[in-house]
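Next come the chains, spelled out residue by residue.
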Amino acid sequence: MTVTNILLSGVVGSTAYGLAREGSDVDRLGLFAAPTESLHGLHGPKESHVSTHPDRTLHEAAKWCRLALGGNPTVMELVWLPDDLYEVRTPLGDELIGIRSSFLGARRVRDAYLGYATQQFRKLTSRGDGTFSADTRRRTAKHARHLKRLCTQGYELYTTGRLTIRVDDPDGYHAFGERVAADPSAALPLLRHFEAAFDGTRGVLPEQPDEGPAEAWLRRVRQRFYASPDAVPA
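Quantities reported herein were computed from a predicted structural model and do not represent experimental measurements. (Residues numbered from 1 in each chain as written. Predicted model: local features only at pLDDT ≥ 70, side-chain atom pairs only at ≥ 80, totals over all residues. Heavy atoms only, no water.)

(A) Expanded view of the side chain of His-59. Here His-59 shows up in strand E4 (residues 55–60). Within the structure, His-59 has its side chain in polar contact with the side chain of Ser-48 (distance 2.7 Å). His-59 has contacts with Leu-29, Gly-30, Leu-31, Phe-32, Glu-47, Ser-48, Trp-64, Leu-67 and Val-75, leaving out every residue within four places of it along the chain. (Helix = DSSP H or I, 4+ residues; strand = E, 2+ residues; numbered from the N terminus. Polar contact = N/O pair within 3.5 Å; in protein donor to acceptor, adjacent residues only side chain to side chain. Contact = heavy atoms within 4.5 Å.)

Structure (structure tokens):
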């Protein structure tokens, strides 16, 4: 996959969280700028490029902004990575990191993170009583780890306006995953705890995100890449 004008890209997923173990995939996420001229035609450019081997997802700048403004946990982590996990950083990418807090709104963060966590719980409970195959148990444990991470990170973001990507107790997350793989209902108390915590806490975030900084940034991107004369393949 060749994508030009990559503005920001880094290693995300289990490696970034500190949950990777031998054999874990290395996931990469980034964003790119479509040549501005291409936006004026009858058929617009492709907004996302997804590849495997290596596993990489790249979103066009406007799509990334829309997803981030909606509170999407997956895209949001790109602008909160530790410095050593970035593989591509450009001045425009650094500008985006600089306005990351403007993408946050209390309602959208709560709904997105708890919503994703609830999806993980439904995947757990759809798999029966724990007597399934070893492969299914591994997937169930993975979903359980993601449920705990989404709840923990989402609550931190909601209450402090900051997002810590690397979890503080990787072994605890893996132990939780194994418990839930044996009994999926064991995840319910944690989910209910965080639902109550969100409901009972007034965080620091504004009710809605501020679209102004994203709009201004995107216009700078469009100006910079109007004709894209110096695009460099990824």
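(B) Highlighting the layout of surface pockets. Estimated volume of the largest pocket: approximately 790 Å³. Lining the largest pocket are 28 residues, with Gly-13, Ser-14, Asp-27, Lys-142 and His-146 sitting closest to its centre. Listed by contribution, the elements that provide at least two residues to the lining of the largest pocket are helix H1 (13–17), strand E2 (27–32), helix H3 (73–76), helix H5 (106–125) and helix H6 (134–160). The element best represented in the lining of the largest pocket is H6, accounting for six residues. Its residues assigned to classes, the lining of the largest pocket comprises nine nonpolar, 10 polar and nine charged. For the lining of the largest pocket, the two domains that each supply at least three residues are domain 1 (6–102 + 210–225) and domain 2 (106–200). (1 Å grid on protein atoms, 1.4 Å probe; cavity = no way out; pocket = protein on both sides within 12 Å on 5 of 7 lines; lining within 4 Å. Points joined across faces, edges and corners; volume = space filled by probe spheres on them. Nonpolar A, V, L, I, M, F, W, Y, C, P; charged D, E, K, R; others polar. Domains from an automatic or database assignment.)

(C) Looking closely at the domain arrangement of the protein. Each assigned domain of the protein is listed with its residue range as follows: domain 1 (6–102 + 210–225) and domain 2 (106–200). Taken over C-alpha atoms, the centre of domain 1 sits 24 Å from the centre of domain 2. At the interface, 19 residues of domain 1 touch 19 residues of domain 2. Here domain 1 meets domain 2 over a buried area of about 1700 Å², counting both sides, of which 62% is carbon and sulfur. Per-residue buried area on domain 1 facing domain 2 is highest for Tyr-17, Leu-19 and Trp-80; these three make up 40% of the total on that side. Two residues, Arg-21 and Asp-171, come together in a salt bridge whose shortest N-O distance is 3.9 Å. Sorting the residues of the side of domain 1 that touches domain 2 by element identifies H1 and H3 as the ones contributing at least two each. (Buried area = accessible area lost by both parts, 1.4 Å probe. Salt bridge = Lys/Arg side-chain N within 4 Å of Asp/Glu carboxyl O.)

(D) Structural context of the environment of Pro-206. Relative to the elements of secondary structure, Pro-206 occurs in the loop between helix H8 (188–199) and helix H9 (211–224). Of the residues examined, Pro-206 reaches a relative accessible area of 43% and is grouped as partly exposed. Along the primary structure Pro-206 and Leu-104 are separated by 102 residues, whereas in three dimensions their C-alpha atoms are 7.5 Å apart. Excluding anything up to four places from it in sequence, Pro-206 contacts Leu-104, Gly-105 and Ala-106. (Buried < 20%, exposed > 50% of the residue type's maximum accessible area, 1.4 Å probe, protein only.)

(E) View of the packing of helix H4 (residues 91–98) against H9. Closest axis-to-axis distance for the H4/H9 pair is 11 Å, and the angle between their directions is 175°. Classed by the angle they form, the pair H4 and H9 counts as roughly antiparallel. Where H4 abuts H9, its residues Leu-92, Glu-95 and Leu-96 lie against Trp-217, Arg-220, Val-221 and Arg-224. Its residues assigned to classes, the contact of H4 with H9 shows four nonpolar, no polar and three charged. (Axes fitted to C-alpha atoms, helices over the stretch in contact; angles between N-to-C directions. Parallel < 35°, antiparallel > 145°, perpendicular 65-115°, else oblique.)

(F) Up close: the packing of aromatic side chains. One pass over the structure, following the stated rule, counts four aromatic pairs. Measuring from centroid to centroid gives 5.4 Å for Trp-64 and Phe-103, while their planes differ by 80°, and the two rings are edge-to-face. Placement of the pair is Trp-64 in helix H2 (residues 61–69) and Phe-103 in the loop between H4 and H5, with a sequence separation of 39 residues. A relative accessible area of 2% places Phe-103 in the buried class. (Phe/Tyr/Trp six-rings, centres within 6.5 Å; stacked < 30°, edge-to-face > 60°.)

(G) How the structure looks around the pairing of strand E3 (residues 48–51). Relative to E4, E3 runs antiparallel, the two being bridged by four bridges. Its bridge partner being in E4, Ser-48 is matched across the sheet by His-59. (Pairing = 2+ DSSP bridges.)

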